[in-house]
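# Residue-level structural notes
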Amino acid sequence: MPELPEVEVVRRDLEREVVGKRVKSVEADGMRSIRRHHSRKQFAGRLEGKKMTGVERRGKYILVKLEGGDVLVIHLGMSGQLVRSKGTREQMAKHTHVVITFTQGGQLRFIDPRTFGEMFVTELDIVEKEVNELAHLGIDPLENAMSWEEFGRLVASRHAKLKSMLMDQKFLAGIGNIYSDEILWGAGLRWDRMSDSLSPEEIRRLYRAMMETLQEAVKYRGSSLADEQYVDLYGKPGEFQEHHKVYAREGEACRRCRRPVVRQRVGGRSTFFCEACQV
DNA sequence: CGATCTACCTGATGGC
DNA sequence: TGCCATCAGGTAGATC
């Protein structure tokens, strides 16, 4: 579900809502969402009594810094949601797996029907070295600004299809199935163009489309598809889906040339593009 | 190195 | 109404 823009929206909401709050108690309904821990007790023990001091993002990972040098790492997977509850008595949504209650009142709830998401606590200074998935993350396009020339060198040094290159978390951190298609439409490039075949002009277009698409998506608070599985911390869906150019628009008119948007299955996933204006 | 498949899960939807 | 297939924002690991 959530890609870089959605995770960034949740990060900003968390910064506003949980920084400065102290954890009073933690409830987990099983081990699935906290599978890296030995026990629920051990997970809760590392959180209880700690104040949350900051919220960062690395690609699709959220890092909630804790007083004392630990960090709560959160990945939302395909269907994970973080939702704030003002009190403790609000109805518990189905598939709520972790509930963090604050001493100041209110809760942070982790809801995840498909359970591909997870949370775990580790030490902040080792998280980017010893947690494999984070250690191998590539450049985060919004966090680590890079020039288009630098981007171009990286792109040209690989030999991969553009869509899989954009989605490779070891290369760029945060881009998934929706935004890779939207970026490639913005750049006027096909998903299966090879990364080492681009002209300087095409590299510049790709870089520009990547930055603009991600920034716009954050501005519109992310994309929620028909099932509205993605919502922000306050339970509100995003609005960027209304600005999608190709994703989930099969058969609809391309916003540039009016030809129907095509859907193709690539490696088991849907890819949307315009056959006329992406070359 | 890159591409492709499977597995991990639940739920919504559409055809018959 | 039920049953079955297909689809859904992610990632890791095996295999070629």
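All residue numbers refer to positions counted from 1 along the written sequence of the respective chain. Whichever chain is written first becomes A and whichever ligand is written first becomes 1, with later ones labelled in order. In keeping with the predicted nature of the model, local features appear solely for residues at pLDDT of at least 70, side-chain atom pairs appear and are counted solely at 80 or more, and the whole-chain, interface and lining totals rest on all residues. Calculated side-chain values reflect all of the structure's heavy atoms, with hydrogen atoms and water omitted.

Secondary structure elements follow DSSP: runs of H or I of four or more residues count as helices, runs of E of two or more count as strands, with numbering from the N terminus. Along chain A, the regular secondary structure elements total eight helices and ten strands. The size measure is the radius of gyration over C-alpha atoms, and the globule rule it meets is 2.2 Å times the number of residues to the 0.38 power. Scaling as 2.2 N^0.38, a compact globule of 279 residues should have a C-alpha radius of gyration of about 19 Å, and chain A matches this with 20 Å. When its C-alpha atoms are laid out on the principal axes, chain A stretches across 55 × 35 × 30 Å. When accessible area is computed with a 1.4 Å probe and restricted to protein chains, residues below 20% of their type maximum are described as buried, those above 50% as exposed, and intermediate ones as partly exposed. When each of the 279 residues of chain A is scored for burial, the buried share is 50%.

This part is about the packing of helix α5 (residues 148-156) against helix α8 (residues 200-219). Packed helix pairs are characterised by how far apart their axes lie and by the angle those axes make with each other. Contact geometry of α5 with α8 gives a least axis separation of 9 Å together with a crossing angle of 110°. Judged on the interaxial angle alone, α8 and α5 are roughly perpendicular. Considering the relative orientation of α5 and α8, their crossing is right-handed. Of the residues in α8, those in contact with Trp148, Phe151 and Gly152 of α5 are Pro200, Ile203, Arg204, Leu206, Tyr207 and Met210. In this classification, Asp, Glu, Lys and Arg are treated as charged, Ala, Val, Leu, Ile, Met, Phe, Trp, Tyr, Cys and Pro as nonpolar, and every other residue, Gly included, as polar. When its residues are assigned to classes, the contact of α5 with α8 shows seven nonpolar, one polar and one charged. Fitted lines through C-alpha atoms give the axes, limited to the stretch in contact for helices. The angle between two N-to-C directions lies from 0 to 180 degrees. Every angle not falling under 35 degrees, over 145, or within 65 to 115 is termed oblique; those three ranges are roughly parallel, roughly antiparallel and roughly perpendicular. Each helix crossing is assigned a hand: it is left-handed if the near helix lies turned anticlockwise from the far helix by less than a right angle, otherwise right-handed if that turn is clockwise. Note on contacts: a residue pair qualifies if any of its non-hydrogen atoms lie within 4.5 Å across the two residues.

Once that is clear, we can look at the sheet that holds strand β6 (residues 96-102). When DSSP locates at least two bridges between a pair of strands, those strands are taken to pair. Read across the sheet, four strands follow the order β1-β6-β7-β5 without closing on themselves; strand pairing throughout is antiparallel. Each end of this open sheet is capped by a strand with a single partner; those strands are β1 (23-28) and β5 (81-85). The sheet shows a mean angle of 15° between the axes of neighbouring strands, taken without regard to direction. Two elements, β5 and strand β7 (residues 107-111), share five bridges in a ladder whose sense is antiparallel. Bridge pairing in β7 places Arg84 opposite Leu108.

Each nonpolar core is a collection of buried residues, namely Ala, Val, Leu, Ile, Met, Phe, Trp, Tyr and Cys, held together in the definition by side-chain atoms within 4.5 Å. With 36 residues, the main nonpolar core has Phe151, Leu206 and Met210 as its most contacted residues. Within the residue set of this core, elements represented by two or more residues are α5, α6 (162-167), α7 (177-187), α8 and β10 (269-273). When residues of this core are assigned to their parent elements, the largest contribution, eight residues, is made by α8. In this structure, Phe43, Ile74, Val98 and Phe110 belong to the second largest nonpolar core, which totals 30 residues.

Before going further, it helps to spend a moment on the protein's contact with DNA strand B. Any residue with a heavy atom lying within 4 Å of a molecule or strand is counted as near it. As a matter of local geometry, DNA strand B sits amid Arg32, Lys94, His95, Pro113, Arg114, Thr115, Phe116, Arg158, His159, Ala160, Lys161 and Ser164. In DNA strand B, the atoms that sit within 4 Å of the protein are 62% sugar and phosphate, with bases accounting for the remainder. Between Pro113 and DNA strand B, the recorded distance is 3.2 Å, taken from a backbone N or O atom to a sugar or linking oxygen. Within the side chain of Ser164, a nitrogen or oxygen atom sits 2.9 Å from a phosphate oxygen of DNA strand B. Of the residues assigned to the surface near DNA strand B, the class counts are three nonpolar, four polar and five charged. The term polar contact refers here to a pair of N or O atoms within 3.5 Å; inside protein, the definition further demands a hydrogen-donor-capable atom paired with an acceptor-capable atom, and it admits residues adjacent in sequence only when both atoms are side-chain atoms.

Below, the discussion takes up the side chain of Asp140. You can see Asp140 is positioned in the loop between α4 (132-135) and α5. Of the residues examined, Asp140 reaches a relative accessible area of 5% and is grouped as buried. Reaching out from Asp140, the side chain makes a polar contact with the backbone nitrogen of Glu143 at a distance of 3.1 Å. Dropping the residues within four chain positions of it, Asp140 is found in contact with Leu4, Arg57, Arg58, Gly59 and Ala173.

This part takes up α8. A helix is expected to reach a length of 1.5 Å times the quantity of its residues less one. When the terminal C-alpha atoms of α8 are compared, their 29 Å separation across 20 residues agrees well with the 28 Å that a helix rising 1.5 Å per residue should span. Buried within α8 we find Glu202, Ile203, Leu206, Tyr207, Ala209, Met210, Met211, Thr213, Leu214, Ala217 and Val218. Along its buried surface, α8 packs onto α1 (4-17), α5, α6 and α7. Downstream of α8 by a residue or two, Arg221 has a phi angle that is positive, lying close to 60°.

Note that domain bounds follow an automatic or database assignment of domains. Looking at chain A, the domain boundaries give domain 1 (4-135) and domain 2 (148-273). Taken together, the 20 residues of domain 1 in the interface contact 19 residues of domain 2. Accessible area that two parts lose when put together, with a 1.4 Å probe and added across both, is what the buried area reports. Both sides of the domain 1 and domain 2 interface together cover about 1700 Å² of buried area, and 62% of this is carbon and sulfur. The three residues of domain 1 that bury the most area against domain 2 are Pro5, Glu6 and Val9, which together make up 31% of that side's buried surface. Here a salt bridge means any side-chain nitrogen of Lys or Arg lying within 4 Å of a carboxyl oxygen belonging to Asp or Glu. At the surface where domain 1 touches domain 2, the tally comes to one salt bridge.

This part covers the pairing of strand β2 (residues 52-58). Here β2 pairs with strand β3 (residues 61-66) via six bridges, running antiparallel. Among the inter-strand pairings, Arg57 is bridged to a residue of β3, identified as Ile62. What sits between β2 and β3 in their antiparallel hairpin is a turn of two residues, with Gly59 showing a positive phi close to 60°.

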